[in-house]
Amino acid sequence: MGAVEPDLYRDTWVRYLGYANEVGESFRPIVPVVAVWASYGVATAYVTADAIDKGRKAAAVSAPLLSPLVPSCPPSDTSLSPQAHAQDPGKATRVGVAVADTFVWQSLASVAIPGLTINRLCAASLALLASLTHWPLPARKWATTALGLATIPVIITPIDRTVDFLMDSSIRKLYGTKGEPPSSP
């Protein structure tokens, strides 16, 4: 039996590129805004690459074909079937669903919701520190950045589960899939 190949975008260090915008939002009080936007560029590139990868993997999966004209040919051996070289009619749908589901899920769970959450948390904490403390501005900015960075691991799972629920309750009903975005077969 062959080992399951790890998913480059979910099982390796590449996954952390999806958190780039949260890091950028945490550092917003300290770095130029262009650096924050660049972090969104990195996260969006990650989301796009993962969606393309899931589409490529969905395209590589072939639907099982039956061989009605050659009864001795088992369903897994389609080389003798006249249908063997016919285009898989469900392929475009599989690929489209895989790409769309992954892109929407990742866009919400990795970019939009966490970015907004960290942005608002950091903005509120900077304002609160300004009104409640006499710390110098650089200390307040670094404290806000530290709070934003410390929040990232705490918000990941709740946001992921919430996006799963929202998508299971809405868009995934259109194409009959539940759970996390399509992964490698």
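Further up the page is the structure itself.
Residues numbered from 1 in each chain as written. Predicted model: local features only at pLDDT ≥ 70, side-chain atom pairs only at ≥ 80, totals over all residues. Heavy atoms only, no water.

Q: Hey, could you run me through the overall build of the protein chain in this one?
A: A count of helical and extended segments in the protein chain gives 5 helices and 0 strands. Each helix and strand of the protein chain, ordered N terminal to C terminal, gives the series α-α-α-α-α. Relative to its full complement of 185 residues, the protein chain shows a buried share of 34%. Taking the contacts inside the protein chain whose residues are at least 6 apart along the sequence as the reference set, 71% of them involve residues at least 24 apart. Within the structure as shown, the protein chain displays about 10900 Å² of accessible surface, and the carbon and sulfur contribution to it stands at 71%. (Helix = DSSP H or I, 4+ residues; strand = E, 2+ residues; numbered from the N terminus. Buried < 20%, exposed > 50% of the residue type's maximum accessible area, 1.4 Å probe, protein only. Contact = heavy atoms within 4.5 Å. Areas by Shrake-Rupley, 256 points an atom, 1.4 Å probe, with all protein chains shown as cover.)

Q: It is not clear to me how a nonpolar patch on the surface should be interpreted in this structure. Could you clarify?
A: A cluster of nonpolar side chains, contributed by W13, Y16, L17 and V42, occupies part of the molecular surface with about 460 Å² of accessible area. Tracing the chain through its elements places V42 in helix α2 (residues 33-60). You can call V42 partly exposed: its relative accessible area is 36%. (Patch = residues over 30% accessible without salt bridge, like charges linked within 9 Å, V, L, I, M, F, W, Y side chains within 5 Å. Salt bridge = Lys/Arg side-chain N within 4 Å of Asp/Glu carboxyl O.)

Q: Please clarify how empty space enclosed by the protein should be interpreted in this entry.
A: The method is simple in principle: a probe with the dimensions of a water molecule rolls over the atoms, and the space it marks as empty is what remains. Enumeration over the complete set of coordinates arrives at 1 cavity of 30 Å³ or more. If you add up the space inside the largest cavity, you get close to 100 Å³. Taken together, 13 residues form the lining of the largest cavity, with Y19, A109, S110, I156 and D160 sitting closest to its centre. Grouping the constituent residues of the lining of the largest cavity by class yields 7 nonpolar, 3 polar and 3 charged. (1 Å grid on protein atoms, 1.4 Å probe; cavity = no way out; pocket = protein on both sides within 12 Å on 5 of 7 lines; lining within 4 Å. Points joined across faces, edges and corners; volume = space filled by probe spheres on them. Nonpolar A, V, L, I, M, F, W, Y, C, P; charged D, E, K, R; others polar.)

Q: Would you explain the side chain of T145 in this entry?
A: In this structure, T145 sits in helix α4 (residues 137-168). Judged by relative accessible area, T145 falls into the buried class, the value being 1%. From its side chain, T145 meets the backbone oxygen of S26 in a polar contact 2.9 Å long. Not counting the four nearest positions on each side in its chain, T145 is found in contact with S26, F27, P29 and I30. (Polar contact = N/O pair within 3.5 Å; in protein donor to acceptor, adjacent residues only side chain to side chain.)

Q: So what exactly am I meant to see when it comes to the packing of aromatic side chains here?
A: Across all of its chains, the model carries 4 aromatic pairs by this definition. Judged by centre distance (6.3 Å) and plane angle (90°), the rings of F27 and W142 are edge-to-face. Of this pair, F27 sits in the loop between α1 (20-26) and α2 while W142 sits in helix α4, and the two are 115 residues apart along the sequence. (Phe/Tyr/Trp six-rings, centres within 6.5 Å; stacked < 30°, edge-to-face > 60°.)

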